[in-house]
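Residues per chain are reported as follows:
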Amino acid sequence: MAYDDLRGFLAALEEEGQLLRITDEVLPEPDLAAAANAAGRLGEGAPALWFDNVKGFTDARIAMNVHGSWANHALALGLPKNTPVKDQVETFAARWDAFPVAPERREDAPWRENTQQGDDIDLFSVLPLFRLNDGDGGFYLDKAAVVSRDPDDPDDFGKQNVGTYRLQVIGNNRLAMQPVPVHDVALHLRKAEERGEDLPIALTLGNDPVLTLVAGMPMAYDQSEYEMAGALRQAPAPIATAPLTGFDVPWGSEVVIEGVIESRKRQIEGPFGEFTGHYSGGRRMPVIRVDRVSYRTDPVFESLYLGMPWTEVDYLVGPNTCVPLLKQLRAEYPEVQAVNAMYTHGLLVIISTKKRYGGFAKAVGMRAMTTPHGLGYVSQVIVVDEDIDPFNLPQVMWAMSAKVNPKDDVVVLPNLSVVELAPAAQPAGLTSKMIIDATTPVGADARGNFSTPVQDLPEAQEWAARLRQLLAAQG
């Protein structure tokens, strides 16, 4: 079943016993985040959480941990909630092959019911904001789908990006945003700033569950997230036109925030408890000026808890990182069998592959590091044989312990790019990357014999002079 909005999915979760309503009065801090943190410790069947009795908020509806278990992830894809993880990944991969599925444009989006504009904008009156970890520098919107367009090609639907980026509320109508340099919105911003222009942007909160999955998915620059959502939903994704920017935004969003990233303006953003299980420090980041807010009556505020793994974010970005890497690698190396990029958003990746000849596994590992996602994330790759299940860690550990000769099978590549949030990077944004070849050794590519090089024939020099004379006479 395809869900057109967050509310429809929450109703389905409740029907399946995967939504827990907290009816007692709770504090916005620390109870909301602590409950979501605790849900991540309940195991792979943890429910989504619903809060509507929050002290200090007169009319709040807050949903957390919506994608925070394999049961909920399965239901988001329309699968039975007890579907094994490996089967969920395989379903994800099979549906990828249906891409692209064109979206369906609809009118009368529910978020058009209420509007704030200009000086009347007050994000605090629309959203029940709270901190997620006690060391956070402020209030965050961390599960928004952010829409931007390529300033050089704004009419190209595929180059319109829908991505997830952290957003700190720094005023009634202002936000600070962290665009990771390898992500599409950062490329759009760079182009706009080279022109000296602001970058129009739309932030959508409270989206249908599959749109949220694809917004965190490492796709090619000109691949449309809406067309991928259609493939994964097995039905066209419903979209609508944002009134201020004219951008394509999800039809079923709870809140649509429109404005601009102001050209060459920066402000301190952070710290924030990140997906790495560490706080990131404060950095100077771009600033968004909000010009219009559209929202449903009684909007549901969906928030994502991040902290020491596993938390909701790990379920959210697990399969949607595994499958793009699998498809991108297999396009060039059909020997690749499976990819496990579940750990810390793919900073560590385990790949199983057949081999053509000696050294092939290391080549696969290097290629993983140069995929769109690998450029900013993949810092450690373990490559195993095709008969090893990369999702079965005891098998992987056996392969590493039995087949790795550190002298020959560990490759360290210095000074490669990585997301600044990677704690081990030094300096931020640069790291050494490692490939561990835990495959069974095979023979070298022996298609030639290079022990005896061919020499010029003795008569070649005489013939060169003769040819020159003939050419001169001909000229």
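For the structure itself, look to the data block above.
Residues numbered from 1 in each chain as written. Predicted model: local features only at pLDDT ≥ 70, side-chain atom pairs only at ≥ 80, totals over all residues. Heavy atoms only, no water.

A. Expanded view of the packing of helix α10 (residues 319-332) against helix α11 (residues 360-368). Two elements in contact, α10 and α11, have axes separated by 10 Å at closest approach and are oriented at 130 degrees. As judged from the angle between their axes, α10 and α11 are oblique. Helix-helix and strand crossings are classified by hand; for α10 and α11 the assignment is right-handed. Of the residues in α11, those touching α10 at L325, L329 and E332 are V364, R367 and A368. Partitioned by chemical class, the residues of the contact of α10 with α11 number four nonpolar, no polar and two charged. (Axes fitted to C-alpha atoms, helices over the stretch in contact; angles between N-to-C directions. Helix = DSSP H or I, 4+ residues; strand = E, 2+ residues; numbered from the N terminus. Parallel < 35°, antiparallel > 145°, perpendicular 65-115°, else oblique. Left-handed = near helix turned anticlockwise from the far one by under 90°. Contact = heavy atoms within 4.5 Å. Nonpolar A, V, L, I, M, F, W, Y, C, P; charged D, E, K, R; others polar.)

B. Examining the pairing of strand β19 (residues 336-343) more closely. The element β19 is extensively covered by neighbouring structure, given that six of its eight residues are classed as buried. Of the pairings in the sheet, the one linking β19 to strand β20 (residues 348-353) comprises five bridges and is antiparallel in character. Residue pairing in the sheet places V336 in a bridge with T353 of β20. (Buried < 20%, exposed > 50% of the residue type's maximum accessible area, 1.4 Å probe, protein only. Pairing = 2+ DSSP bridges.)

C. A look at a nonpolar patch on the surface. Side chains of W463, L467 and L470 sit close together on the surface and give an oily, nonpolar patch of about 310 Å² of accessible area. Classification of L467 as partly exposed rests on a relative accessible area of 44%. (Patch = residues over 30% accessible without salt bridge, like charges linked within 9 Å, V, L, I, M, F, W, Y side chains within 5 Å. Areas by Shrake-Rupley, 256 points an atom, 1.4 Å probe, with all protein chains shown as cover. Salt bridge = Lys/Arg side-chain N within 4 Å of Asp/Glu carboxyl O.)

D. Geometry of the sheet that holds strand β2 (residues 48-51). Spatially, four strands are ordered β1-β2-β3-β18 in an open sheet, and the strand pairing comes out mixed. The two strands at the open ends of the sheet, each matched to only one other strand, are β1 (19-22) and β18 (301-303). With direction set aside, neighbouring strand axes in the sheet form an average angle of 25 degrees. Of the strands in this sheet, β1, β2, β3 (62-64) and β18 touch helix α1 (residues 6-15), which is tilted by about 95 degrees from β1.

E. Summary view of the environment of G40. Among the secondary structure elements, G40 is positioned in the loop between α2 (31-39) and β2. According to the relative accessible area criterion, G40 is buried, its value standing at 13%. Along the sequence, G40 and Y315 sit 275 residues apart, while their C-alpha atoms lie 9.8 Å from each other.

F. Broad picture of the environment of V146. As for its placement among the helices and strands, V146 is situated in strand β7 (residues 145-148). Overall, V146 belongs to the buried group, its relative accessible area being 0%. In this structure the C-alpha to C-alpha distance between V146 and V162, which are 16 residues apart in sequence, comes to 5.3 Å. In this structure, V146 is in contact with N161, V162, G163, Y165, L167, M177, I201, A202 and L203, ignoring residues within four places of it in sequence.

G. Focus on the pattern of salt bridges. A complete count under the given rule lists 36 salt bridges for this structure. Two residues, D298 and R61, come together in a salt bridge whose shortest N-O distance is 3.6 Å. Highlighted residues: D298 in the loop between β17 (283-295) and β18 and R61 in the loop between β2 and β3, separated in sequence by 237 residues. Relative accessible area serves as the criterion here: at 38%, D298 is assigned to the partly exposed category. Across the salt bridge formed by D248 and R149, the nearest N and O atoms sit 3.3 Å from each other.

H. View of the sheet that holds strand β4 (residues 104-105). Overall, mixed pairing links the three strands, which are arranged β4-β12-β13 in an open sheet. Two strands close off the open sheet at either side, each with one partner strand: β4 and β13 (248-250). The pairing of strand β12 (residues 238-241) with β13 spans three bridges and is classified as antiparallel. Each bridged residue has a counterpart across the sheet, and for T241 the counterpart in β13 is D248.

I. Spotlight on the packing of aromatic side chains. Across all of its chains, the model carries eleven aromatic pairs by this definition. Ring centres of F157 and Y226 lie 6.2 Å apart, and the angle between their planes is 35 degrees; this geometry places the pair in the tilted category. One end of the pair, F157, is in the loop between β7 and β8 (161-163); the other, Y226, is in helix α8 (residues 225-233), and 69 residues separate them in sequence. For F157, a relative accessible area of 25% translates into the label partly exposed. In this structure Y226 comes out as buried when scored by relative accessible area, which is 2%. With 6.1 Å between their ring centres and 85 degrees between their planes, Y357 and F360 make a pair best called edge-to-face. Note on Y357: relative accessible area 27%, which makes it partly exposed. The buried category is assigned to F360, whose relative accessible area is 3%. The ring of W251 carries the charged tip of R106 above its face, separated from the ring centre by 5.0 Å. (Phe/Tyr/Trp six-rings, centres within 6.5 Å; stacked < 30°, edge-to-face > 60°. Lys NZ or Arg CZ within 6 Å of the ring centre and 35° of its normal.)

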